[in-house]
Amino acid sequence: MLIEALTPQGTPEITRPEAAKLVAGDPVHSTWNLEDDRGLYCGIWESTPGAWRVSYDEWEYCRILAGRSVIEGDDGSRLEVGPGDAFVLRPGFTGIWRVIETTRKDYVILCR
């Protein structure tokens, strides 16, 4: 298919952060992922409240569709995001993702 609507369809993949990365709560992630064999991923991701450590080896563009989150970098950076906010996480970013209100985003990830 050469064109595809980016809307949640079918059964999402359900995951939780690894125990070693969990900071607070019991967040549950639902992901509707479209994959490409060239290292490009996109889809819709949703998480219930909680916090976990993140470490990025790839580029990720995100746009928040619903909810509120705070992304805190180990470098002291802090980004509060809500509906309509868009941002990029660069390779090498490490920190904590805190979901304050159940958050849904669309995303594009480029792995190299």
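Notes on the structure follow. (Residues numbered from 1 in each chain as written. Predicted model: local features only at pLDDT ≥ 70, side-chain atom pairs only at ≥ 80, totals over all residues. Heavy atoms only, no water.)

1. Quick notes on the packing of aromatic side chains
Applied cut-off: In this analysis, rings of Phe, Tyr and Trp, with Trp reduced to its six-membered ring, are considered paired at centre separations within 6.5 Å, and the interplanar angle assigns stacked below 30 degrees, edge-to-face beyond 60, and tilted for intermediate values. The helix count covers DSSP runs of H or I at least four residues long, the strand count covers runs of E at least two residues long, and both are numbered beginning at the N terminus. Between buried and exposed lies partly exposed: a residue is buried under 20% and exposed over 50% of the maximum accessible area for its type, with that area taken using a 1.4 Å probe on protein chains only.
According to the stated counting rule, one finds four aromatic pairs in the structure shown. Between Phe 87 and Trp 97, the aromatic rings sit 6.1 Å apart at their centres with planes inclined by 45 degrees, giving tilted as the arrangement. Of this pair, Phe 87 sits in strand β8 (residues 86–89) while Trp 97 sits in strand β9 (residues 94–110); the two residues are 10 residues apart in sequence, bridging distant segments of the chain. Given a relative accessible area of 8%, Phe 87 falls into the buried group. Assessed through its relative accessible area of 2%, Trp 97 is described here as buried.

2. Considering the layout of surface pockets
Threshold: Each cavity reported here is a set of points on a 1 Å grid over the protein atoms alone in which a 1.4 Å probe fits but cannot get out, each pocket an open set with protein on both sides within 12 Å along at least five of seven lines, and each lining residue one with an atom within 4 Å of a point. Grid points are joined across faces, edges and corners, and a volume is the space filled by probe spheres set on the points.
The volume enclosed by the largest pocket comes to roughly 740 Å³. In terms of lining residues, the largest pocket is bounded by 23 residues, among which Thr 15, His 29, Trp 45, Trp 52 and Tyr 56 are the most central. Elements with a contribution of two residues or more to the lining of the largest pocket: β1 (13–15), β3 (29–35), β4 (40–47), β5 (50–55) and β9.

3. Quick notes on a nonpolar patch on the surface
Our working definition: Each patch is assembled from residues with relative accessible area greater than 30% and no salt bridge, linking like charges that lie within 9 Å and nonpolar side chains (Val, Leu, Ile, Met, Phe, Trp, Tyr) that lie within 5 Å. All accessible areas in this document rest on Shrake-Rupley with a 1.4 Å probe, and a residue is counted as covered only by the protein chains that are shown. For salt bridges, the criterion is a side-chain nitrogen of Lys or Arg within 4 Å of an Asp or Glu carboxyl oxygen.
Judged by side-chain polarity, Leu 40, Trp 59, Tyr 61, Val 88 and Val 108 come together as a nonpolar surface patch covering roughly 410 Å² of accessible area. Structurally, the position occupied by Tyr 61 is in strand β6 (residues 59–73). Taking the relative accessible area as the measure of exposure, Tyr 61 reaches 36% and is therefore partly exposed.

4. Considerations on the nonpolar core
Applied cut-off: Put simply, a nonpolar core is a bunch of buried Ala, Val, Leu, Ile, Met, Phe, Trp, Tyr and Cys residues held in one set by side-chain atoms that sit within 4.5 Å of each other. Any two residues whose heavy atoms approach within 4.5 Å at even a single point are treated as in contact.
Ranked by size, the top nonpolar core spans 15 residues in total, and within it Ile 71, Phe 87, Leu 89 and Trp 97 carry the most contacts. Of all the secondary-structure elements, those providing two or more residues to this core are β5, β6, β8 and β9. When residues in this core are grouped by element, the largest group, four residues, is from β9. Leu 89 has contacts with Tyr 56, Glu 58, Trp 59, Glu 60, Ile 71 and Trp 97, leaving out every residue within four places of it along the chain.

5. Topic: the state of the cysteines
For clarity, the threshold we go by: Throughout, a disulfide means two cysteine sulfur atoms within 2.5 Å of one another.
Evaluation of the coordinates by the stated rule reveals zero disulfides. Sulfur of Cys 42: no disulfide; nearest cysteine sulfur belongs to Cys 111 and is 12 Å away.

6. A word on the side chain of His 29
Note on placement: His 29 falls in strand β3. Excluding its chain neighbours within four sequence positions, the residues that come into contact with His 29 are Glu 13, Ile 14, Thr 15, Pro 17, Trp 45, Glu 46, Ser 47 and Trp 52.

7. Quick word on the pattern of salt bridges
Under the defined criterion, the tally for this structure stands at eight salt bridges. When the shortest N-O distance is used, the salt bridge between Glu 72 and Arg 98 registers 3.1 Å. Of this pair, Glu 72 sits in strand β6 while Arg 98 sits in strand β9, and the two are 26 residues apart along the sequence. Glu 80 is the salt-bridge partner of Arg 78, the closest N and O atoms lying 3.2 Å from each other. Looking at Glu 80, the relative accessible area reads 54%, which means it is exposed. Look at the salt bridges and you will find they share partners, linking Glu 72, Arg 78, Glu 80 and Arg 98 into a network.

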